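Examination of the molecular architecture
Spelled out, the chains give:
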Amino acid sequence: MTTNEWIKTNTYHRSDFEDLQTLVNEKEKRGLTISLCIPTLNEAKTIGKEVVIFKSELMNRFPLLDEFAVIDSGSEDNTLEIASSFGADTYLASEILPNLDEKRGKGENLWKAIYQLKGDIIVYIDADIKNIHPRFVYGLIGPLIYRDEVKYVKAFYDRPLAFSEGVRPSGGGRVTEILTRPLFSLFFPELAAIIQPLSGEYAVRREVLERISFPIGYGVETSHLLDVYHELGMSAFAQTDLDQRVHRNQETRSLGKMSFGILQTFLNRMKTYGLMNDMPDINTVLHQFQVRENQFEMVDQNIIEYERPPMITIPEYREKFSRDEKSQNTGKNKEK
Amino acid sequence: MNSKISDFIKRFHEDRESYSNVLETLLSSLIMISETAAPTFREHNRARCLVNRYMSSNLLNCYVDELGNALGIIPGKSDRNILLVAHLDTFFDEKVDHTVTILPDLVKGAAVADDSLGLAALATLPYILETYGIEPEANIILMGSARSLGRGDLEGLRFFLDNFKKPITAGVCIEGVKLGRLSYSSIGMLRGEINYRVPESYDWTKFNSEGAIINMNDLINRILEIPTPSKPKTSIVLGSIEAGTSYNTIPTRAKLKFEIRSESDQLVEDIAHKIESLTQEMTSLSGAHVEFKHLARRSPGGTDFSHPLNLIGREILTDLKINTRLTPSTSELAAFIDKAIPAVTIGLTDGENMGEEDESIQIQPIKKGLSLLVGLILAIDGGYTFDN
């Protein structure tokens, strides 16, 4: 399948799935269960709205979701209290699998959701979306409900505020267009067809999630794409246009940190796949600059992309989900 | 009070789980409606949003009519038709941040109270009736009315009342704020604008050429000198003024928006004439174009204090332990009054910062506001509000 063919057959618009009753019927016919995870850290302004919308629209009115949980990294702004007051199941990431050493990061929350939630499909939605709407969930679930071969569905957002006609550019944010897509184009050109590889909204089958490792920081989305592609190829992916997403803009310096984490993950994967055997050990300190009283000074930050191993390798998980010990051997990525 | 109504209120307040689902559904609609901008004359997206909510509740005849009203019908078995109205339009244009924030006790965002909560109540009503097993005999017409505010002058609702082929038994106008409000009469009102504009050929050396702000200020002082008696109650509300662009540029344009309100229609007319004369005087004194524009007009009227609809409204509020606030209205109620249709305006909850971008409403009192709404529907449906 060519990249253009893949785009044609595996790219959807959320309106393809907006008949929610039909979607619920199909989900029930196929005996699927679906869980939603919202990872949070200080999201008091938006979390109440997300909980109300998803619980009301996708659990009460149209029972597309079987459960959903807010998994928090230690917010100090009442995020969990607000989520709980509107009826969400709330967890501190550190309280899930408490025997493991404690790590903090969005990827940690996503990884622990695999243990905590029961669904055959897990949907991840970032908590900082200002214009939250049920489409953020049903648009991602749709391809997984209708097509067994699809394992991983990624969101993208393509709704210009004003446009006349003809050809117009489309794609992701600054980090995607400056770092991720050029890297994919160089080494994994097929993956460049994922329009927004870094979007924080995606839905994945458990059978895939439990077998991939999770960087706990900035590299989690990149590593997912690389590992799923490495194991299953492009046919496992689909992507859905969810229209517009309104969220906080990040400063360039923050994007630098994000890029540094993503690049670490990428290079580590290259090494793991045997594509860059002579690569020296990489540095984990990012150097940035600031000016104080007309003097330039370097600001160093140690960014280590620690990775959690595939969940299938965790004994508590195998016990909870009745996986035998042999099954973990098919998990290709071991703890780094 | 009728037992059907008191039974419902009792169940509504005791069954916490069912109410929790009702509240979630309402808040969910409130978010989606509030975040869809709907300045007057550009309500179409919000109308579509509301109609989609009706459709997902399997209502009949869900559509946006030619004036932009969002309509849906909960079908009954009798010939009676109850019209429930909340206005679609707001004072906020598309550039304003319409993001809603939900906290455990309040909802905050542009126009959440005026009147997104009313619209959310319309969208949630089918779910409430279904949840509590209420099957009204009357047809319940749900209407998000377009072109209500300011220059809109209730055009959407008037269009519907002029063209709906069947008689409307009674109407309920739903406002977000304030709980306890029960309006059954309209006062006389004239809504107008004064536009001050300096022509290109203006001679800035001329005596009195201070610019738009100072001249408009003089005009305001003259307007405030107009006597407004306390009986019949009369007032002039100066609602908005726009002028100027910078610190040191003499402004050439100014706009004053105002309303004259009075229990006496004649007084409204007289005051309007006086203000118009003042604008003409200002034109001759300043050499600028000072234009008086008449945008909307209401005549006083409505039902009596003792009308059964008002009586039962007060009874329900008393039962809910809410102090009744009997205030006249100049909004949608006026369109019903013009057609001699008994109607009331109610508020659903309490709120703050009305008309501001951080307008907020309290969540907890909504339960009583919805009780009042459904109680009134049951009363009208049961025929207890007919004026014999």
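Residues numbered from 1 in each chain as written. Chains lettered and ligands numbered in written order. Predicted model: local features only at pLDDT ≥ 70, side-chain atom pairs only at ≥ 80, totals over all residues. Heavy atoms only, no water.

**With respect to the overall build of chain A**
What counts is decided by this rule: Helix numbering and strand numbering both begin at the N terminus, where a helix is a DSSP run of H or I of at least 4 residues and a strand a DSSP run of E of at least 2. The globule rule used for comparison is 2.2 Å times the number of residues to the exponent 0.38, while the radius of gyration itself is calculated over C-alpha atoms. Exposure is judged per residue with a 1.4 Å probe applied to protein chains only, and the accessible area is read against the type maximum: over 50% gives exposed, under 20% gives buried, and values in between give partly exposed. Residues count as neighbours in contact if any of their non-hydrogen atoms are within 4.5 Å of one another. Residues scored as positive are Lys and Arg, those scored as negative are Asp and Glu, and His as well as the terminal groups of each chain are ignored. To locate a charge, the coordinates of NZ of Lys, CZ of Arg, CG of Asp or CD of Glu are taken.
Scanning chain A from N- to C-terminus turns up 11 helices and 12 strands. Against the compact-globule benchmark of 20 Å for 336 residues, chain A has a radius of gyration of 20 Å, which places it among compact chains. Based on the C-alpha atoms only, the size of chain A along its principal axes is roughly 60 × 55 × 45 Å. Within chain A, the proportion of its 336 residues that are buried is 56%. Of the contacts formed within chain A by residues at least 6 apart in sequence, a portion of 75% connects residues at least 24 apart. Averaging the positions of the 41 positive and the 50 negative side-chain charges in chain A gives two centres separated by 1 Å.

**Observations concerning unusual backbone geometry**
Between Val177 of chain B and Lys178 of chain B the backbone carries a cis peptide bond, its omega angle lying at 10 degrees. As for its placement among the helices and strands, Lys178 of chain B is situated in the loop between strand E7 (170-177) and strand E8 (182-183). Even without being glycine, Asn294 of chain A reaches a positive phi, approximately 65 degrees. Position of Asn294 of chain A relative to the elements: it lies in the loop between strand E10 (285-292) and strand E11 (295-302). Given the relative accessible area of 69%, Asn294 of chain A is considered exposed. The phi torsion at Asn353 of chain B lies on the positive side, around 55 degrees, for a residue other than glycine.

**Some remarks on the pairing of strand E7 (residues 202-205) of chain A**
Residues and elements named next belong to chain A. Note the cut-off: DSSP bridges decide pairing: two strands pair if at least two such bridges lie between them.
Burial of E7 is two-sided: the residues Tyr202 and Val204 facing one way and the residues Ala203 and Arg205 facing the other way are all buried. In this structure, strand E5 (residues 121-124) lies alongside E7, joined through 4 bridges in antiparallel fashion. Paired with Ile122 across the two strands is Val204, which belongs to E7. Across 3 bridges, the pairing between strand E6 (residues 152-156) and E7 is antiparallel.

**Re the interface of chain B and chain A**
Defined as follows: The term buried area denotes the loss of accessible surface (1.4 Å probe radius) that occurs when two parts are joined, taken as the sum for both partners. Basic side-chain nitrogens of Lys or Arg form a salt bridge, by our definition, when they fall within 4 Å of a carboxyl oxygen of Asp or Glu.
Facing the 19 residues of chain B at the interface are 20 residues of chain A. Carbon and sulfur atoms supply 56% of the area that chain B and chain A bury against each other, a total of about 1600 Å² over both sides. On the chain B side of the contact with chain A, Glu24, Met32 and Ile102 of chain B bury the most area, a combined 30% of that side's loss. For the pair chain B and chain A, the interface holds 4 salt bridges. Sorting the residues of the side of chain B that touches chain A by element identifies helix H2 (16-34), helix H3 (44-56) and strand E4 (101-102) of chain B as the ones contributing at least two each. In terms of residues, the side of chain B that touches chain A owes the most to one element, H2 of chain B, which gives 7 residues.

**Concerning the sheet that holds strand E17 (residues 360-362) of chain B**
Residue and element names in this part refer to chain B. Sheet architecture is open: 4 strands sit in the order E4-E5-E17-E16, paired in antiparallel fashion. This sheet does not close on itself; its edge strands, each paired only once, are E4 and strand E16 (351-352). For E4 and strand E5 (residues 106-108), the ladder comprises 2 bridges, and the chain directions are antiparallel. Its bridge partner being in E5, Thr101 is matched across the sheet by Lys108.

**Concerning the side chain of Arg245 of chain A**
Residues and elements named next belong to chain A. Note the cut-off: Under the rule applied, a polar contact is a pair of N or O atoms within 3.5 Å (in protein, one hydrogen donor and one hydrogen acceptor; residues adjacent in sequence only if both atoms are side-chain atoms).
Its place among the elements puts Arg245 in the loop between strand E9 (237-241) and helix H10 (252-272). Overall, Arg245 belongs to the buried group, its relative accessible area being 15%. A distance of 3.1 Å separates polar atoms of two side chains, one belonging to Arg245 and the other to Asp128. Here the side chain of Arg245 touches Glu201 through a polar contact of 3.0 Å, side chain to side chain.

**So, the domain arrangement of chain B**
Residue and element names in this part refer to chain B. Heads up, the rule is: The split into domains, and so the bounds of each, comes from an automatic or database assignment of domains. Classification convention: Asp, Glu, Lys, Arg as charged; Ala, Val, Leu, Ile, Met, Phe, Trp, Tyr, Cys, Pro as nonpolar; all other residues, Gly among them, as polar.
Domain parsing of chain B yields domain 1 (3-186 + 300-381) and domain 2 (188-298). Taken together, the contact pairs 11 residues of domain 1 with 14 residues of domain 2. Summing both sides of the interface, domain 1 and domain 2 together bury roughly 870 Å²; the carbon and sulfur share of this comes to 45%. Three residues stand out in domain 1 for area buried against domain 2, namely Arg151, Pro300 and Thr330, and they jointly supply 64% of the buried area on that side. Inspection of the domain 1/domain 2 interface yields 2 salt bridges. The interface formed by domain 1 and domain 2 holds 4 residue pairs in polar contact (both at pLDDT 80 or more) in total. Classifying every residue of the side of domain 1 that touches domain 2 by side-chain character gives 4 nonpolar, 4 polar and 3 charged.

**Details of the nonpolar core**
Where a protein is soluble and globular, its nonpolar side chains tend to be buried together. Short version of the rule: Buried Ala, Val, Leu, Ile, Met, Phe, Trp, Tyr and Cys residues that are joined via side-chain atoms within 4.5 Å together make up what is termed a nonpolar core.
Residues Phe54 and Ile125 of chain A together with Leu84 and Leu125 of chain B are the most contacted members of the largest nonpolar core, which totals 122 residues. No other element matches the 12 residues that helix H4 (residues 112-131) of chain B contributes to this core. In this view, Phe54 of chain A contacts Leu36, Ile38, Met59, Leu65, Phe68, Ile125, Ile132, His133, Pro134, Phe136 and Val137 of chain A; residues no more than four positions away in its chain are not counted. Counting 50 residues, the second-largest nonpolar core is a separate cluster that includes Ile212, Leu255, Met270 and Tyr273 of chain A.

**Some words on the side chain of Arg147 of chain A**
All names here are of chain A. When you line up the elements, Arg147 lands in the loop between helix H6 (135-146) and E6. Only 3.0 Å separates the side chain of Arg147 from the backbone oxygen of Thr9, close enough to count as a polar contact. A distance of 3.2 Å separates the side chain of Arg147 from the side chain of Asn10, its partner in a polar contact. In this structure, Arg147 is in contact with Thr9, Asn10, Tyr12 and Arg205, ignoring residues within four places of it in sequence.

**Focus on the packing of aromatic side chains**
All names here are of chain A. Inclusion rule: Note on aromatic pairs: the rings of Phe, Tyr and Trp (six-membered ring only in Trp) are paired at centre separations within 6.5 Å, and the planes decide the class, stacked below 30 degrees, edge-to-face beyond 60, tilted for the rest. Here, a charge over a ring is recorded when the distance from Lys NZ or Arg CZ to the ring centre is within 6 Å and its angle to the ring normal is within 35 degrees.
Under the criterion given, the structure shown has 19 aromatic pairs over all chains. If you follow Lys103 out to its NZ or CZ, it ends over the ring of Tyr306, 3.8 Å from the centre. The lysine or arginine in question, Lys320, covers the ring of Tyr115, its NZ or CZ lying 4.6 Å from the ring centre.

**Things to note about helix H7 (residues 265-286) of chain B**
Residue and element names in this part refer to chain B. Under the convention used in this document: Expected helix span is given by 1.5 Å per residue-to-residue step, counting one fewer step than there are residues. Regarding the arc, it is the one traced by the directions from the helix axis to the C-beta atoms.
Here H7 contains 22 residues, and its C-alpha end-to-end distance of 32 Å stays within 8% of the 32 Å for a straight helix at 1.5 Å per residue. All buried positions along H7 are accounted for by Leu267, Val268, Ile271, Ala272, Ile275, Leu278, Thr279, Met282 and Ser286. For H7, the angular spread of the buried residues around the axis is 135 degrees, confining them to a single face. In H7, the exposed positions angled more than 90 degrees off the buried face are occupied by Gln266 and Ser284. On its buried face, H7 is in contact with strand E10 (188-197), helix H6 (212-224), strand E11 (234-243), strand E12 (253-262) and strand E13 (289-298). Of the residues flanking the end of H7, it is Gly287, one or two places downstream, whose phi is positive at about 80 degrees.

**A short note on the packing of helix H2 (residues 20-29) of chain A against H6 of chain A**
Residue and element names in this part refer to chain A. This is how the line gets drawn: To get an axis, fit a line to the C-alpha atoms, keeping to the stretch in contact for a helix; angles then go from 0 to 180 degrees between the N-to-C directions. In this scheme, roughly parallel covers angles under 35 degrees and roughly antiparallel covers those over 145, while 65 to 115 is roughly perpendicular and the rest are oblique. Put simply, a crossing is left-handed when the front helix is turned counterclockwise from the back one by less than a right angle, and right-handed when it is turned clockwise.
At a minimum axis separation of 10 Å, H2 and H6 run at an interaxial angle of 40 degrees. Relative to H6, the element H2 lies oblique. H2 and H6 meet at a crossing whose hand is left-handed. Contact residues: Leu20, Thr22, Leu23, Glu26 and Lys27 in H2; Tyr138, Gly142, Ile145 and Tyr146 in H6.

**Focus on a nonpolar patch on the surface**
Residue and element names in this part refer to chain A. Which entries qualify depends on this criterion: Only residues whose relative accessible area exceeds 30% and that take part in no salt bridge are eligible for patches, with like-charged residues grouped when within 9 Å of each other and nonpolar side chains (Val, Leu, Ile, Met, Phe, Trp, Tyr) grouped when within 5 Å. Note that accessible areas follow from Shrake-Rupley with a 1.4 Å probe, and for residues the cover is restricted to the protein chains shown.
A cluster of nonpolar side chains, namely Phe289, Val291, Phe296 and Met298, defines an oily patch on the protein surface of about 470 Å² accessible area. At the level of elements, E10 and E11 are the ones that each hand at least two residues to the nonpolar patch. Its place among the elements puts Val291 in strand E10.

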